Amino acid sequence: MEHIISVQVENKAGVLARVAGLFSARGYNIESLSVAPTLDPTVSMITIVTQGDDRIIEQIIKQLNKVIEVLKVVDLTETNFLDRETALIKIHTRPEHRDEAIRIADIFRAKIVDSSPTTYTIEVTGDVDKVEALINLLKPLGIKEIVRTGRVAIAREAAKVPTRREAQAAKA
Amino acid sequence: MKKTGAEIFVDSLRQEGVKVVFGIPGGVVLKIFDVLHQQKDVEVILTRHEQGAAHMAEGYAKATGKPGVVLVTSGPGMTNIVTGLADAYMDSVPLVAFTGQVSTNLIGNDAFQEADNIGISRPCTKHNVLVKDVGELARTIKEAFYIATTGRPGPVLVDIPKDVSTDKAEFKYPEKVSLRGYNPTYEGNKYQIKQAAEEITKARRPIIYVGGGAIFSDAANEIRELAETAQVPVTMTLMGLGSFPGTHPLCVGMLGMHGVYWSNMAMHHADLLIAIGARFDDRVTGKLSEFCPEAKVVHVDIDPTSIRKNVEAHIPIVGDVKTVLKQLNVYLRSIDGNQSDLKELRRPWWKQIEEWKRTHPLRYEQGDKVTKPQFVIDRVFDMTHHEGIVVTDVGQHQMWAAQYYKGSKPRTFITSGGLGTMGFGLPAALGAQKAYPDKLVLCITSEGSFQMNLQELSTAAIYKLPVKIVLIHNNFHGMVRQWQDLFYEGRYASSYLGDVPDFVKLAEAYGILGLRASKPAEVEPVIREGLKHRGPVLMDFHVDPFENCYPMIPAGGAQHEMMLEDPPELRKVDRGGQAKKKDKDKVEEGEGVLPA
Ligand SMILES: Cc1cc2nc3c(=O)[nH]c(=O)nc-3n(C[C@H](O)[C@H](O)[C@H](O)COP(=O)(O)OP(=O)(O)OC[C@H]3O[C@@H](n4cnc5c(N)ncnc54)[C@H](O)[C@@H]3O)c2cc1C
Ligand SMILES: Cc1ncc(C[n+]2csc(CCOP(=O)(O)OP(=O)(O)O)c2C)c(N)n1
Ligand SMILES: [Mg+2]
């Protein structure tokens, strides 16, 4: 199952390498990873999306906790959380497609942030489903290039909604 | 008054109570060596290879429990200690390695003898740090020693650029360490400990499986109390040897791939496994799906990653062995009260274990022509009353040493377990000897391993470290040859080592006493003479090159599926003195690779 793990670390050189090295050395996979400082400039937040069965995820969390500069590890999948990703999508725009591109962007509340006679660059933010859906719709128009930030996530405050794991269990 | 980084370095070592540093100088650490040279508190042992320095520091640390300290130069100096770091990381050895680095303004420029010390050592250290400013040096050193020695011990590397050793700062050694991301758990969960106590009193076929953690935690007394109070047999891993007396009636010896029959059988049939500071290594568990099929598992370990990594733990207890067992013993005494009831409950279990032991003891057949390696090791232990510090290399001799060792003190069986580093033995023995100049230190080795770090004979000679080297000379990478005999139809691909060098002459070239025993009758006189000698000795025992080490759980086999002797096709060979005949036959049949 997919897990989103947020890792608070000392904002120091080499910490990211230790965290990433831990994943590669032990054969854990990283689907996406993002890093940025937090309100406290001495602390950075690493958000990692990874896959694994319960045993692997348990090991990943324990191994992360073992790194001296890691301050806190939270498996957000065990909580209610929001996740977001931003993508910049550059598409080819033949004249007959320009309106269509704008319409699609509108539906997704995406913005056209750059344009040239032959391209638009569209910025979209949302959960993975939304970003992927937009990409799929734009594909027929001809995508030239995509960059994605990878996901960031945060726990919801005092939510009563079931966790994703609980929801999945209920479905099964 | 301001001090240079080099002076701060040496003052910091003094503050940590460091008495000895193992290393080799080079351009970027000359300033540090220069300061060390002008004082007396911290002694420098100049080794002949940086790998030797790292293993010496490990030997020192394993023998004392105190951190071993290494000091080497940048580039090749650092890369030469990588094996030692990896070894220390696998075996949880507290080590602080100081490496020189090029000046901060040159880092990243492919400067002369520059290497990415931090990048290279990251996967084989518990922690590592580049010091960028002399003002940070004292604090970094304090933290390095703290991290290396607390929680699950391990190696820490501190990388010191040349200008940091020459720049100046005020020296103030911090009193305390505060690392917000590092806080090892020592106390175990009380509820879990209580649960464990209850399971222990109920179990009919319990076994205690003790690992290296018990030694790091200095918990020999607590283990003994646990075993005696609860009347439970104790088996030890290779790394746990010494944590429980080998001659104690409750001791069932080593378990695992080359463990004794009765301990592996007891593991397989146990209904309760009490794992203490052991990490369920694959050399111990064999095939995981058939490991301890009937047992509930209590697992005490200070490192949460060791728990449930390979084997499910029904009662996991994260904490320090000594601290947890103290509590556990209190509960046990309060629950049970009556040792004889427990003895009664477990009588059938004991009978069964005794039966396994009686029917499948360790054995070898010593004739009068060719010396058996086990005989040498057995005699050495006997003649030293199992009282020396035993340091081994890696291979068959290591396993025999473990099987026949019956010592009763922690930190007296020193070996490379997790990484299995050939070449560990001699330097580690020298490190242990440096720590205890007056104790008997035995280095049990074989020619393959020995030749990987034999340059340290110089170090032994110069520093007058009187290690007794027991060379089990079988002309082979014996352990490899054993696998080739068993699983590769006797094709000795690159395992025959030939007859060079003459080890007695070699010892003499270093000014060390060399003795040789070519036949069984010479074994005891050589041991006697070697032990009597005051300086370092190399005893060269020519042994049966084709002896194999049993029991053996073949790779991928389950714990109770042990091979106990050579299979019939190997047994055809006359072993009573004509071992060499076999190579001739093989060569004639076009199979062997031995020179005639
Ligand atoms: C040729 C060869 C053959 C081998 N054959 C065998 C064999 O037959 N049998 C065998 O047993 N081994 C064998 N080994 C060794 C094996 O590879 C492992 O090194 C060994 O089994 C591990 O021992 P351990 O479980 O005691 O763990 P160690 O590596 O000693 O680890 C100690 C554990 O204790 C924990 N710990 C540390 N400090 C504390 C504390 N204060 N409190 C609580 N917990 C703590 C650590 O977190 C760790 O989990 C062999 C090695 C070689 C090279
Ligand atoms: C540095 C290193 N290289 C290779 C190995 C693989 N290996 C394991 S045991 C062994 C043979 C050991 O030979 P020797 O030291 O002569 O011991 P013996 O088995 O003969 O007692 C080898 C090559 C190793 N463990 N370490
Ligand atoms: Mg050999």
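### A few points about the coordination of the magnesium ion (ligand 3)
Residues and elements named next belong to chain B.
- Within the protein, Ser446 (OG), Glu447 (OE), Asn474 (OD1) and Phe476 (O) serve as the donor atoms for the magnesium ion (ligand 3), at 2.0 to 2.2 Å.
- Going along the chain, you hit the donors of the magnesium ion (ligand 3) in the pattern S-E-x26-N-x1-F.
- Given a relative accessible area of 6%, Ser446 falls into the buried group.

### Remarks on the site of ligand 2
Residues and elements named next belong to chain B.
- Taken together, 17 residues sit near ligand 2, with His397, Gly420, Ser449, Gly478 and Met479 positioned nearest.
- Note that an oxygen atom of ligand 2 is positioned 3.0 Å from one of the backbone N or O atoms of Phe476.
- A distance of 2.8 Å is found between an oxygen atom of ligand 2 and a backbone nitrogen or oxygen belonging to Met479.
- Residue classes in the shell around ligand 2 are distributed as 6 nonpolar, 10 polar and 1 charged.

### A short note on the interface of chain B and chain A
- Between chain B and chain A, the contact holds 20 residues from the first and 20 residues from the second.
- Of the roughly 1700 Å² buried between chain B and chain A on both sides combined, carbon and sulfur atoms contribute 43%.
- Contact with chain A buries surface across chain B, with B:Arg122, B:Arg180 and B:Thr305 losing the most and accounting together for 38% of the total.
- Between chain B and chain A we count 5 salt bridges in total.
- Between A:Glu10 and B:Arg180 there is a salt bridge, with the nearest N and O atoms lying 2.8 Å from each other.

### Concerning the nonpolar core
Residue and element names in this part refer to chain B.
- Ranked by internal contacts, the top residues of the largest apolar core, which has 91 residues, are Leu273 and Phe541.
- Taken domain by domain, the makeup of this core includes at least three residues from each of domain 2 (190-359) and domain 3 (373-546 + 566-588).
- Residues in contact with Phe541, not counting those within four places in the same chain, are Val376, Val470, Leu471, Ile472, His473, Ala517, Val523, Val526 and Ile527.
- In this structure, Ala63, Met78, Ala428 and Phe503 belong to the second largest nonpolar core, which totals 47 residues.

### Observations regarding helix H17 (residues 373-383) of chain B
Residue and element names in this part refer to chain B.
- Burial runs high along H17: 9 of the 11 residues are buried.
- Among the residues of H17, Pro373, Gln374, Phe375, Val376, Ile377, Arg379, Val380, Phe381 and Met383 are the ones counted as buried.
- Residues of H17 that are buried make contact with strand E15 (389-392), helix H18 (396-404), strand E17 (441-445), strand E18 (468-473), helix H24 (520-532) and strand E20 (537-542).
- Positioned one or two residues after H17, His385 has a phi angle of 55 degrees, which is positive.

### Re the packing of aromatic side chains
All names here are of chain B.
- Following the criterion strictly, the structure yields 18 aromatic pairs over all chains and no others.
- Here Trp349 and Trp356 contribute two aromatic rings whose centre-to-centre distance is 6.2 Å and whose plane-to-plane angle is 90 degrees, an arrangement assigned as edge-to-face. Across the pair, exposure class does not vary: Trp349 and Trp356 are buried alike.
- Residues Phe476 and Tyr492 carry aromatic rings whose centres are separated by 5.3 Å and whose planes lie at 70 degrees to one another, so their mutual orientation is edge-to-face.

### Considerations on the environment of B:Asp499
Residues and elements named next belong to chain B.
- Looking at the secondary structure, you find Asp499 in the loop between helix H22 (478-487) and helix H23 (503-509).
- According to the relative accessible area criterion, Asp499 is exposed, its value standing at 54%.
- Remark: the alpha-carbon pair of Asp499 and Asn475, spanning 24 residues in sequence, is separated by 6.5 Å.
- At 2.6 Å, the side chain of Asp499 forms a polar contact with the side chain of Asn475.

### Side note on the pairing of strand E6 (residues 127-130) of chain B
Residue and element names in this part refer to chain B.
- In terms of strand pairing, E6 meets strand E7 (residues 155-161) through 4 bridges, oriented parallel. Paired with His127 across the strands is Val156, a residue of E7.
- Following the chain from E6 across helix H7 (residues 137-149) to the adjacent parallel E7, one finds a crossover that is right-handed.

### Details of the packing of helix H1 (residues 15-25) of chain A against helix H2 (residues 54-66) of chain A
Residues and elements named next belong to chain A.
- Close contact between H1 and H2 brings their axes to 10 Å; oriented N to C, the two are set at 145 degrees. Judged by the sense of rotation from one axis to the other, the crossing of H1 with H2 is right-handed. Residue-level contacts link Val19, Leu22 and Phe23 of H1 to Ile60, Gln63 and Leu64 of H2.
- In terms of residue class, the contact of H1 with H2 is built from 5 nonpolar, 1 polar and no charged.

### Things to note about H24(B)
All names here are of chain B.
- Residues of H24 that are buried: Pro520, Val523, Val526, Ile527 and Gly530. Angular distribution of buried residues about the axis of H24 spans 105 degrees; they occupy a single face of the element. Among the exposed residues of H24, those oriented more than 90 degrees off its buried face are Ala521 and Lys532.
- The inward-facing, buried residues of H24 contact H17, E18, strand E19 (513-517) and E20.

### Looking at the pattern of salt bridges
All names here are of chain B.
- Applying the stated criterion across every chain yields a total of 44 salt bridges over all chains.
- Residue Asp540 pairs with Arg516 through a salt bridge whose shortest N-O separation is 3.1 Å. Separated by 24 residues along the polypeptide, Asp540 in strand E20 and Arg516 in strand E19 bring together distant segments of the chain.
- The exposure class assigned to Asp540 is buried, which follows from its relative accessible area of 0%.

### Observations concerning the domain arrangement of chain A
Residue and element names in this part refer to chain A.
- Under the domain assignment, chain A is made up of domain 1 (2-79) and domain 2 (83-153).
- Averaged C-alpha coordinates put domain 1 and domain 2 at centres separated by 29 Å.
- Each partner contributes to the interface: domain 1 provides 8 residues, whereas domain 2 provides 6 residues.
- Summing the contributions of domain 1 and of domain 2, the shared interface buries around 510 Å²; its carbon and sulfur component is 54%.

### Quick look at the domain arrangement of chain B
All names here are of chain B.
- With domains assigned, chain B is organised as domain 1 (2-170), domain 2 (190-359) and domain 3 (373-546 + 566-588).
- Taken over C-alpha atoms, the centre of domain 1 sits 32 Å from the centre of domain 3.
- A combined buried area of about 2100 Å² lies between domain 1 and domain 3, and 63% of that area is made up of carbon and sulfur atoms.
- At the surface where domain 1 touches domain 3, the tally comes to 1 salt bridge.
- For Lys434, the salt bridge goes to Glu43, with nearest N and O atoms at 2.9 Å.
- Between the two partners, domain 1 and domain 3, sit 10 residue pairs in polar contact (both at pLDDT 80 or more).
- Examining the composition of the side of domain 1 that touches domain 3, we find that 11 residues originate from one element, helix H3 (residues 50-64), more than from any other.
- Along the lines of polarity and charge, the residues of the side of domain 1 that touches domain 3 split into 11 nonpolar, 9 polar and 6 charged.

Basis of the calculations
- Every chain is numbered on its own, with residues counted from 1 as its sequence reads.
- Think of it this way: whatever chain is written first is A, whatever ligand is written first is 1, and the rest follow in order.
- In keeping with the model being predicted, local features are shown solely for residues with a pLDDT of at least 70 and side-chain atom pairs are shown and tallied solely at 80 or more, while totals for entire chains, interfaces and linings include all residues.
- To obtain the side-chain values, all non-hydrogen atoms of the structure were used and water was disregarded.
- Sites may look incomplete because water is not among the atoms; the donors themselves are N, O and S atoms within 2.8 Å of the metal, or within 3.2 Å for Na, K and Ca.
- Categorising residues by exposure relies on relative accessible area from a 1.4 Å probe, with only protein chains included: less than 20% of the type maximum marks a residue as buried, more than 50% marks it as exposed, and the intermediate range marks it as partly exposed.
- The cutoff for a nearby residue is simple: one of its non-hydrogen atoms must lie within 4 Å of the molecule or strand.
- Each polar contact in these results corresponds to two N or O atoms within 3.5 Å; when the atoms are within protein, one needs to be able to donate a hydrogen and the other to accept it, and residues that are neighboring in sequence are counted only if both atoms are side-chain atoms.
- Side-chain classes follow a simple rule in which Ala, Val, Leu, Ile, Met, Phe, Trp, Tyr, Cys and Pro form the nonpolar group, Asp, Glu, Lys and Arg form the charged group, and the remainder, Gly included, forms the polar group.
- Residues count as neighbours in contact if any of their non-hydrogen atoms are within 4.5 Å of one another.
- Once two parts are put together, the accessible area they lose, assessed with a 1.4 Å probe and summed over both, is termed the buried area.
- Each salt bridge in this description consists of a side-chain nitrogen of Lys or Arg and a carboxyl oxygen of Asp or Glu lying within 4 Å of one another.
- To qualify as a nonpolar core, a set must consist of buried Ala, Val, Leu, Ile, Met, Phe, Trp, Tyr and Cys residues joined through side-chain atoms within 4.5 Å.
- For each domain, the first and last residues come from an automatic or database assignment.
- Secondary structure elements are defined from DSSP: runs of H or I of at least 4 residues count as helices, runs of E of at least 2 residues count as strands, and each element is numbered from the N terminus.
- Geometry of aromatic contacts follows a simple scheme: Phe, Tyr and Trp rings, the Trp one being its six-membered ring, pair when their centres are within 6.5 Å, and the pair is stacked under 30 degrees between planes, edge-to-face over 60, tilted otherwise.
- DSSP-based pairing: two strands are paired if at least 2 bridges between them are found.
- A crossover counts as right-handed when, viewed with the strands pointing away from the observer, the path leading from the first strand over the helix to the second turns clockwise.
- Note on geometry: axes are C-alpha line fits, over the in-contact stretch for helices, and angles between N-to-C directions span 0 to 180 degrees.
- By convention, the crossing between two helices is left-handed when the near helix turns anticlockwise from the far helix through less than a right angle, and right-handed when the turn is clockwise.
- Note that the arc is computed from the directions linking the helix axis to the C-beta atoms.

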